[in-house]
Amino acid sequence: MAEAVAIAVPLSTREQVVPSRARLKLPPWLEIAKPRLIPLLLATTLGGMALTESWPMPAPRLACTLGGGALAAAAAGVLNCLWEEQLDGRMLRTSGRALPSGRLSAAKAFNIAVALACSAGLLLVMGVNCLAASLSLLGLCSYVLLYTVVLKPRTTQNIVIGGVAGAIPPLVGAAAATGHIGLGGWWLFGLVMVWTPAHFWALALLLEDDYRSVGIPMLPVVKGPFVTGNAIIRYAWATIAASFLGVFILPTGGLFYGLMLLPFNGRLLQMAQQLHQDPCDRVRAKGLFRWSILYLFGICLLLLLARTTAAAQFNLQLPSLFNMFSGAPF
Ligand code: HEM
Ligand SMILES: CC(C)=CCC/C(C)=C/CC/C(C)=C/COP(=O)(O)OP(=O)(O)O
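Since the model is a prediction, treat every value here as computed from it, not as a measurement.

Conventions used here
Residues numbered from 1 in each chain as written. Chains lettered and ligands numbered in written order. Predicted model: local features only at pLDDT ≥ 70, side-chain atom pairs only at ≥ 80, totals over all residues. Heavy atoms only, no water. Axes fitted to C-alpha atoms, helices over the stretch in contact; angles between N-to-C directions. Helix = DSSP H or I, 4+ residues; strand = E, 2+ residues; numbered from the N terminus. Parallel < 35°, antiparallel > 145°, perpendicular 65-115°, else oblique. Left-handed = near helix turned anticlockwise from the far one by under 90°. Contact = heavy atoms within 4.5 Å. pLDDT = per-residue confidence, 0-100. Patch = residues over 30% accessible without salt bridge, like charges linked within 9 Å, V, L, I, M, F, W, Y side chains within 5 Å. Areas by Shrake-Rupley, 256 points an atom, 1.4 Å probe, with all protein chains shown as cover. Salt bridge = Lys/Arg side-chain N within 4 Å of Asp/Glu carboxyl O. Buried < 20%, exposed > 50% of the residue type's maximum accessible area, 1.4 Å probe, protein only. Near = heavy atom within 4 Å. Polar contact = N/O pair within 3.5 Å; in protein donor to acceptor, adjacent residues only side chain to side chain.

Turning to the packing of helix H4 (residues 38-50) against helix H5 (residues 59-83), a few remarks are in order. Where H4 meets H5, the closest approach of the two axes is 10 Å, and the angle between their N-to-C directions is 140°. Taken together, the axis directions place H4 and H5 in an arrangement best described as oblique. Here H4 runs over H5; the crossing is right-handed. Side by side, H4 and H5 meet where Ile 38, Leu 41, Leu 42, Thr 45, Leu 46 and Met 49 of the first sit next to Leu 62, Thr 65, Leu 66, Gly 69, Ala 70, Ala 73 and Ala 74 of the second.

What follows is the structure, encoded as structure tokens:
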């Protein structure tokens with residue numbers, strides 16, 4: 001019954017759309033840092049680390065990387081809120097944010113952003129290395145300048161190209177672990193890039209009316225739900241294909257990772273296909289958006305589990321088990 005109501009009524013308030021179960025009211029200075037996004041950004045940073053030979057990392061360096069990454073992402077969130085104050089004020093989902101609703105002044109927000117960015121830079125330079133610090137700065141600039149200022153108001157491909165910003169944390173993780181990026185870091189960067197469209201366009205199908213009302217050219221607004229559904233299924237397939245490449249990239253073997261990946265990809269494909277069949281179904285769109293978040297958390301968790309001794313032993317023993325049952329050398 002509740003689901004039927006959800007289909008009939010346009011979903012545009014944050015509470016109706018985003019997956020957070022807890023309705024915690026955050027203080028304004030924290031809310032503008034978009035803290036709910038940060039755990040997943042940090043999970044992909046950890047994934048980038050787990051893909052290197054240097055995993056596990058020394059705890060102090062790990063803590064500085066995650067702390068610096070969280071501060072940089074928070075600074076990026078505040079700068080995005082500052083630039084979009086007017087826009088947020090005109091959209092149903094965002095009009096209650098601290099800046100447009102007057103709960104925080106722009107001057108205070110700017111000071112918070114500067115403090116966050118400086119602390120991030122300091123922590124990363126002193127506690128990690130200059131490459132990780134520069135990459136975090138690049139992430140911040142690409143989110144604020146490339147995505148928010150340049151691409152978002154101009155093109156339907158805003159989140160495809162602008163997806164670079166959200167894909168930088170794995171590079172930060174790899175650079176923090178080894179001092180260079182390496183194949184693993186680039187692979188996870190690519191995976192997050194191709195994951196982003198299914199994540200965001202599913203949400204954009206729900207927020208279509210809101211984006212249309214302010215003239216932001218998100219794909220469903222300009223091309224409609226059917227083109228968006230097609231694009232989502234294409235990127236879902238690309239995500240599935242890219243996710244399997246990790247099998248060949250994990251330093252201690254990827255058989256465990258590859259097997260555990262199957263249910264995650266099965267569910268992603270099922271949900272993307274269901275949405276493709278009826279892209280106007282808001283329940284399906286919401287389901288895919290939520291699953292996209294669990295999916296990426298799951299992949300990062302699998303990467304970490306794949307680096308445990310138990311998984312390495314499983315990788316070594318699986319071929320001989322297969323050999324025993326099939327009778328053929330493997
Ligand atoms: C261009 C790329 C992206 C766009 C445009 C985008 C957009 C959005 C939007 C509009 C929301 C709803 C936010 C709200 O109303 O509070 C959201 C939620 C979310 N996004 Fe993305 N996203 C992108 C990439 C990413 C990336 C790379 C990550 C992490 C790796 C991420 C993680 C999340 C999470 C965890 C949520 C749920 C937040 C909650 O629970 O409230 N997103 N995204
Ligand atoms: C390394 C580093 C610091 C990377 C920063 C990466 C970062 C903060 C990515 C965020 C991507 C994102 C969630 C965009 C939200 O879209 P939106 O701004 O259009 O959403 P809104 O409509 O809710 O404001």
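Low pLDDT means the predicted coordinates in that region are not meant to be read closely. Here the chain averages 93 in pLDDT, and 92% of its residues register 70 or above. Interface confidence for the predicted complex, given as ipTM, is 0.97, next to a pTM of 0.94.

On the surface, a cluster of nonpolar side chains totalling about 320 Å² of accessible area is made up of Leu 255, Leu 259, Leu 262 and Phe 314. A relative accessible area of 42% means that Leu 259 is categorised as partly exposed.

Surveying the vicinity of ligand 2 reveals 17 residues, the closest of which are Lys 34, Arg 93, Arg 97, Tyr 147 and Lys 152. In the environment of ligand 2, an oxygen atom lies 2.7 Å from a nitrogen or oxygen atom belonging to the side chain of Arg 93. Between ligand 2 and the protein, one listed contact pairs an oxygen atom with a side-chain N or O atom of Tyr 143 at 2.7 Å. Burial of ligand 2 by the surrounding chains reaches 86%, relative to a free accessible area of 630 Å². For the shell around ligand 2, the secondary structure elements donating two or more residues are H5 and helix H8 (130-151). Broken down by element, the shell around ligand 2 gets its largest block of residues, five residues, from H8.

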